[in-house]
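In case you want the letters, here they are:
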Amino acid sequence: MTYTEEHLQTAIAKFNAGEFESERAAARAYRITRTTFIAGLHGHTSRRDHSHEYEQRLFQVQEAFLEAWIFDEDTRGLPPSHARVREWQFEFFAMI
């Protein structure tokens, strides 16, 4: 079934406000599967959103690690050249 996050949130809000007699009725009114509606009602996120959060956390870790590496290289007097950054990249992904 095709729905948007806005449809899901509207259905949840109207269900919580008592405009629907059942979860099934709310889901049907907005063409959302009942299981998706119930998952949204309990605060679960979609698989796509969950994987995006993981990517964001990984990027933040990578960014912090790169920042520390560049600072460390700078204190040694070694400029972070393109080749050295690629070397760092391989080291970082070997850690994961």
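Residues numbered from 1 in each chain as written. Predicted model: local features only at pLDDT ≥ 70, side-chain atom pairs only at ≥ 80, totals over all residues. Heavy atoms only, no water.

Engineer: Explain the overall build of the chain to me, and be specific about the residues and the numbers.
Structural biologist: If you tally the helices and strands in the chain, you get five helices and zero strands. Counting from the amino terminus, helix and strand elements in the chain follow one another as α-α-α-α-α. Here the chain holds 96 residues, and 15% of them are scored as buried. Sequence separation of 24 or more characterises 44% of the internal contacts of the chain that already satisfy a separation of 6 or more. Carbon and sulfur atoms make up 54% of the accessible area of the chain, which amounts to about 7,600 Å² in all. (Helix = DSSP H or I, 4+ residues; strand = E, 2+ residues; numbered from the N terminus. Buried < 20%, exposed > 50% of the residue type's maximum accessible area, 1.4 Å probe, protein only. Contact = heavy atoms within 4.5 Å. Areas by Shrake-Rupley, 256 points an atom, 1.4 Å probe, with all protein chains shown as cover.)

Engineer: So, helix α1 (residues 5-16): which residues are in play, and what are the values?
Structural biologist: With 12 residues, α1 extends 16 Å between its outermost C-alpha atoms, agreeing within 8% with the 16 Å of an ideal straight helix rising 1.5 Å per residue. Along α1, the residues classified as buried are Leu-8, Ala-11 and Ile-12. For α1, the arc enclosing every buried residue in end-on projection is 100°, short of the 170-degree limit, so these residues lie on one face. Buried residues belonging to α1 abut α2 (23-29) and α3 (34-41). Of the residues flanking the end of α1, it is Gly-18, one or two places downstream, whose phi is positive at about 90°. (Expected span 1.5 Å × (residues − 1). Arc of directions from axis to C-beta.)

Engineer: Can you explain the packing of aromatic side chains? Please cite residues and give values.
Structural biologist: Within this structure, the stated rule accounts for two aromatic pairs. On the numbers, 5.7 Å between centres and 90° between planes, the contact of Phe-15 with Phe-37 is edge-to-face. A residue pair is termed long-range when its members are at least 10 positions apart, and Phe-15 in helix α1 and Phe-37 in helix α3 qualify at 22 residues. Taken together, a centroid distance of 6.3 Å and an interplanar angle of 80° make the contact between Phe-20 and Tyr-30 edge-to-face. Of this pair, Phe-20 sits in the loop between α1 and α2 while Tyr-30 sits in the loop between α2 and α3, and the two are 10 residues apart along the sequence. (Phe/Tyr/Trp six-rings, centres within 6.5 Å; stacked < 30°, edge-to-face > 60°.)

Engineer: Which residues make up the nonpolar core, and what values go with them?
Structural biologist: By size, the foremost hydrophobic cluster in this structure holds eight residues: Leu-8, Ala-11, Ile-12, Ala-26, Ala-27, Tyr-30, Ile-32 and Phe-37. No other element matches the three residues that α1 contributes to this core. (Core = buried A, V, L, I, M, F, W, Y, C linked by side-chain atoms within 4.5 Å.)

Engineer: Break down the confidence of the model for the chain for me, citing the residues and quoting the values.
Structural biologist: Regions with low pLDDT should not have their predicted coordinates read in detail. Per-chain confidence: the chain averages 81 in pLDDT, with 86% of residues scoring 70 or above. No element of the chain has a lower mean pLDDT than helix α4 (residues 47-75), at 76, and none a higher one than α2, at 91. (pLDDT = per-residue confidence, 0-100.)

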